[in-house]
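# Chains, contacts and geometry: an overview
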Amino acid sequence: MTGPNRVGAERRGTSRVEYLETLRGFACLLLVAFHVVGDSPIRGLRLPADHWLSIVNHALHDVRMPLFAFISGTVFASFVPNAGAWRGKVLAKARRLLVPMASVSALSWCIQSLVLHNATPPLWQIFFFSYEQFWYLQATFVLMVAILTVSLLLPSRDIAPYALALVPIGYFYPLVSAWQPDVFSAGKAVYLAPYFLLGLFMRRRDLLQGMRGLDTLPGRVLLAIGVLGLMLVGINADTAGHSLLGSMLGYTAGLAICLLAVSIRARVSWLAWIGGKSYPIFLFHVLFAAGTRIALQKIAPGMPVLFYFAGGLGAGLIGPIIMGEVLIRNRITALLSLGIRSRAAGKPGLEMATPR
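Residues numbered from 1 in each chain as written. Predicted model: local features only at pLDDT ≥ 70, side-chain atom pairs only at ≥ 80, totals over all residues. Heavy atoms only, no water.

### Quick notes on the packing of helix H5 (residues 86-115) against helix H15 (residues 331-338)
Helix-helix packing is characterised by the crossing angle of the two axes and by the distance between the axes. Two numbers describe how H5 lies on H15: the axes approach to 5 Å, and their chain directions differ by 90°. As the angle between them shows, H5 and H15 are arranged roughly perpendicular. Of the residues in H15, those touching H5 at Arg95, Arg96, Val99, Pro100, Ser103 and Val104 are Leu335, Leu336, Ser337 and Leu338. A per-class count over the contact of H5 with H15 returns six nonpolar, two polar and two charged. (Axes fitted to C-alpha atoms, helices over the stretch in contact; angles between N-to-C directions. Helix = DSSP H or I, 4+ residues; strand = E, 2+ residues; numbered from the N terminus. Parallel < 35°, antiparallel > 145°, perpendicular 65-115°, else oblique. Contact = heavy atoms within 4.5 Å. Nonpolar A, V, L, I, M, F, W, Y, C, P; charged D, E, K, R; others polar.)

The following block contains the structure:
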């Protein structure tokens, strides 16, 4: 699709946009790599905090899920104007997000508890509180329902004009994150909201195609330098114990990265292909990545860290893609594991959970 036709499809939200799918694929790489490396010296590859992979992993904290949320906001923009059908839309979101959250998180809990003998919360808690990566599905559901509800209450039934004004709420997240317990990851929904709303606003206002200030090489270079500076200062602030300052700088860097990424509009076919399979990757990557990493460490001990990293990363991408293609062939497994009620001809259905 080229020229005016592609632009028109992007405005209507009726067609997958290759550079957004490329970004989604890139976010998948970052997410799988995060769980392969681990977020502490006792998880994943169990690397010390000063190892370069751990440092990079920590630096990308404000890129991974914010980028997913930003892309989801651009796709969700096409649903907001018709918020009158509130009940049907909420049920569609529940099917697409909560059904896989419940079934796949229960599978993950069983494997960790029975096979790996890891300490886990009581089973019932994983359905109502944050658990592993599945918090994102809970938080996204809360966020989407909130946006649909607010849109329904507005005279114009359109939250887009107010979305940009709500983006700064991210600076208050460090205060909200202290709320415990975080029921249904509602606090984390506040964390995702600014990125989601920014994507929604830009898509609805056709700004994705009109990034004039950044749509030049000097503009992108300056923004990239600014982002890198914010990330480094934020890391230093966290290290020095100034967690509030570090969170605010990281949030600013996350917003800037979203703008930088969309201004570049990179189109990489293999990344776009991965982006189109992002939902099974998100749901199942930990099972494949962790299993492969553990197996490699037992079969080939003493190998370089990058050997285990590459093996876990590859398995965390390829394994879920194959599994998704198998699960989608059966109506019951497609519903329980991917939230897909039926597969229409030519409808991918494996992209990250922004219900169509």
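So, next bit.
### Some thoughts on the packing of aromatic side chains
Inspection of every chain in the model, using the stated rule, returns 11 aromatic pairs. Aromatic side chains Tyr136 and Phe282 sit 5.7 Å apart centroid to centroid with 55° between the ring planes, which places their arrangement in the tilted category. With a gap of 146 residues between them, Tyr136 in helix H6 (residues 135-153) and Phe282 in helix H13 (residues 278-299) connect regions that are remote in the sequence. We classify Phe282 as buried; its relative accessible area is 0%. Between Tyr195 and Tyr251, the aromatic rings sit 5.7 Å apart at their centres with planes inclined by 70°, giving edge-to-face as the arrangement. Here Tyr251 lies in helix H11 (residues 243-264) and Tyr195 lies in helix H9 (residues 186-204), a separation of 56 residues in the sequence. (Phe/Tyr/Trp six-rings, centres within 6.5 Å; stacked < 30°, edge-to-face > 60°. Buried < 20%, exposed > 50% of the residue type's maximum accessible area, 1.4 Å probe, protein only.)

### Thoughts on the packing of H6 against H9
In contact at an axis separation of 9 Å, H6 and H9 are set at 60° when each is read in the N-to-C sense. The angle between H6 and H9 falls in the class oblique. With respect to the hand of their crossing, H6 and H9 are arranged in right-handed fashion. Taken together, the residues of H9 that come into contact with H6 (itself represented by Trp135, Tyr136, Ala139, Thr140, Val142, Leu143, Met144 and Ile147) are Lys188, Ala189, Tyr191, Leu192, Ala193, Phe196, Leu197 and Leu200. Split into classes, the residues belonging to the contact of H6 with H9 amount to 14 nonpolar, one polar and one charged. (Left-handed = near helix turned anticlockwise from the far one by under 90°.)

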